[in-house]
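Analysis of the macromolecular model
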Amino acid sequence: MQELIGTGVALVTPFKEDGAVDYKALERLVNYQIDGGIDYLVVMGTTGESVTLTKDEKNKVIQHIIEVNNDRLPLVIGIGGNDTRVVVDQIKNTDLDPFVAVLSVSPAYNKPSQEGIYQHFKAVSQATDKPIILYNVPGRTGSNMSVDTVVRLAHDYDNIVGIKEAAGDLVAAMNMIQYTPKDFLVISGDDMIALPMTLAGGAGVISVIGQAMVQDFGDMIRYGLNGDVEEAYHLHYKVAASIDLIFEQGNPVGIKALLHHLDICEKHVRLPLVPATDDLSNRLKSFLDNLKG
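Here's a quick rundown of the structure.

1. So, the environment of Glu-17
- Structurally, the position occupied by Glu-17 is in the loop between strand S1 (6-10) and helix H1 (23-36).
- Judged by its relative accessible area of 74%, Glu-17 falls in the exposed class.
- For the pair Glu-17 and Val-269, spaced 252 residues apart in sequence, the C-alpha separation works out to 9.1 Å.

2. Digging into unusual backbone geometry
- A cis amide bond links Asn-251 to the next residue, Pro-252, at an omega of 10°.
- For Pro-252, the position within the fold is in the loop between helix H10 (229-247) and helix H11 (253-261).
- Each neighbour pair has its own omega, and for Leu-271 with Pro-272 the value is 15°, a cis peptide bond.
- With respect to the helices, strands and loops of the structure, Pro-272 is situated in the loop between H11 and helix H12 (278-292).
- With a phi angle near 55°, Asn-70 is a residue other than glycine that sits in the positive phi range.
- Residue position: Asn-70 is located in the loop between helix H2 (55-69) and strand S3 (75-78).
- Exposure remark for Asn-70: the relative accessible area of 55% places this residue in the exposed category.
- Of note, Tyr-109 is a non-glycine position whose phi angle comes to about 80°, a positive value.
- Structurally, Tyr-109 can be placed in the loop between strand S4 (101-105) and helix H4 (114-126).

3. Thoughts on helix H7 (residues 170-179)
- Among the residues of H7, those classed as buried are Ala-172, Ala-173 and Met-176. Axial view of H7: buried residues confined to an arc of 100°, hence all on one face. Exposed positions of H7 whose direction lies more than 90 degrees from the buried face are Val-171 and Gln-178.
- Elements that come into contact with the buried residues of H7 comprise helix H6 (147-156), strand S6 (160-165), strand S7 (185-188) and helix H8 (194-199).
- Here H7 starts with a cap whose side-chain oxygen sits 3.1 Å from the backbone nitrogen of Val-171, and that cap is Asp-169.

4. Observations regarding H2
- Between its first and last C-alpha atoms H2 spans 21 Å; for 15 residues at 1.5 Å apiece the expected length is 21 Å, and the two agree.
- Taken together, the buried positions of H2 are occupied by Glu-57, Val-61, Ile-62, His-64, Ile-65, Ile-66, Val-68 and Asn-69.
- On the buried face of H2, the contacting elements are H1, strand S2 (40-43) and S3.
- One or two positions beyond H2, positive phi appears at Asn-70, with a value near 55°.

5. A few points about the nonpolar core
- With 83 residues, the main nonpolar core has Leu-134, Met-213, Phe-217, Ile-255 and Leu-258 as its most contacted residues.
- The element best represented in this core is H10, accounting for six residues.
- The residues contacting Leu-258, other than those within four sequence positions of it, are Ile-209, Ala-212, Met-213, Ile-246, Leu-284 and Leu-288.
- Membership of the second largest hydrophobic core comes to 16 residues, among which are Leu-4, Val-76, Ile-187 and Ile-206.

Cut-offs used in this document
Residues numbered from 1 in each chain as written. Predicted model: local features only at pLDDT ≥ 70, side-chain atom pairs only at ≥ 80, totals over all residues. Heavy atoms only, no water. Helix = DSSP H or I, 4+ residues; strand = E, 2+ residues; numbered from the N terminus. Buried < 20%, exposed > 50% of the residue type's maximum accessible area, 1.4 Å probe, protein only. Arc of directions from axis to C-beta. Contact = heavy atoms within 4.5 Å. Polar contact = N/O pair within 3.5 Å; in protein donor to acceptor, adjacent residues only side chain to side chain. Expected span 1.5 Å × (residues − 1). Core = buried A, V, L, I, M, F, W, Y, C linked by side-chain atoms within 4.5 Å.

By themselves, these observations are geometric and do not establish any function.
Here it is, written out as structure tokens:
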């Protein structure tokens, strides 16, 4: 899974003012990632507001990304949920040929035990031969995947190849790196600690800020993977303020406001999310202006 080492980005879904999907903006976004040197793209993740897209919209967005990408970058698809049977059925009935892996989030809201999480991902693993990337994000799901559960899954199922670890716990991530198989990918799902996780032996990041700060963030991870610590941290501190800003009012509220200032898409989101306030938008604009110097 060398194609999943580096910087992946969880793409937003651009919307027009009337709430319709903005496919021209989506095309600009995908090309911006490719031109900036991003390593792979993640579609239908949290950042893509997948929970507010209809089935038809999801299919059209996925197809549009596939067509625009035109095999230039590896693609990962997000398929997850809180009903194991539904997730398994969706995996079995989705054409996974265009994708190198499936990113599957730990069930939200149900708050399963560690054994429940294990059995859920056992079923997910057995539903396909495609590589599976676990996704641990307790701030959204209401439950945390323990290191022991991740290690157990990594050893028991060959097609569970990695985890997007977004608990913000660097010690837990280091334990995952230490105790999972050597080729298991521990990928940061937290932009602020992506570099230290990479330097500790992680495989890089699935990023939100990376789709705006494409060159700097991608280079930061490349330096980190190469062990060029000074150069990597120089770029980390260059972009760090923007990471705090984009998550201040929720995701993808902040990143869409930043992408708006880069003339890639509008800042519209779907309820129950609301667009960034003028104050936050202005501070993001100031960040970009200062960056340009």
